[in-house]
Amino acid sequence: MKPSQQARLLELVANPPPGSDIEAAKKYGVDLTLNIERLLLTPTERVREMEGALRLMEELQRAGRLVRRR
């Protein structure tokens, strides 16, 4: 994403057009900056983050099974 596109997205999130879906999401409490952060990652970076989250989930599941066995 070009810096100008990134700046436009940040501007839209900071000052969404009245009546837009972006405004509705912001009013609802959605942190749209998280979406922008994800868009700035390369596909490879997104996969790596997802794999890390998957490993964490698997580790938590293993820990939960160990606790239930006691």
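Residues numbered from 1 in each chain as written. Predicted model: local features only at pLDDT ≥ 70, side-chain atom pairs only at ≥ 80, totals over all residues. Heavy atoms only, no water.

What follows deals with the overall build of the protein. Of regular secondary structure, the protein possesses four helices and zero strands. Ordered by position in the sequence, the α and β elements of the protein form the string α-α-α-α. For the protein, whose C-alpha radius of gyration is 18 Å, the value lies well above the compact-globule estimate of 11 Å for 70 residues. Counting only C-alpha atoms and orienting by the principal axes, one finds that the protein spans roughly 55 × 30 × 10 Å. Within the protein, buried positions represent 13% of all 70 residues. Just so you have it, the protein exposes about 6000 Å², and 58% of that area is on carbon and sulfur atoms. (Helix = DSSP H or I, 4+ residues; strand = E, 2+ residues; numbered from the N terminus. Rg over C-alpha atoms; globule rule 2.2 N^0.38 Å. Buried < 20%, exposed > 50% of the residue type's maximum accessible area, 1.4 Å probe, protein only. Areas by Shrake-Rupley, 256 points an atom, 1.4 Å probe, with all protein chains shown as cover.)

Mapped onto the elements, L41 comes out in the loop between α3 (32–40) and α4 (43–69). Judged by relative accessible area, L41 falls into the buried class, the value being 19%. Separated by 40 residues in sequence, L41 and M1 have C-alpha atoms that sit 9.3 Å apart. Ignoring sequence-local partners within four residues, the contact set of L41 consists of R46 and E49. (Contact = heavy atoms within 4.5 Å.)

Another point: a positive patch on the surface. A cluster of like positive charges, contributed by R62, R65, R68 and R69, occupies part of the molecular surface. Of note, R69 is situated in helix α4. The exposure class of R69 is exposed, given its relative accessible area of 66%. (Patch = residues over 30% accessible without salt bridge, like charges linked within 9 Å, V, L, I, M, F, W, Y side chains within 5 Å. Salt bridge = Lys/Arg side-chain N within 4 Å of Asp/Glu carboxyl O. Lys, Arg positive; Asp, Glu negative; His and termini not counted. Charge placed at Lys NZ, Arg CZ, Asp CG, Glu CD.)

Take a nonpolar patch on the surface next. On the surface, M1, L39 and L40 cluster together into a nonpolar patch covering about 280 Å² of accessible area. The topology assignment puts L40 in helix α3. With a relative accessible area of 37%, L40 lands in the partly exposed category.

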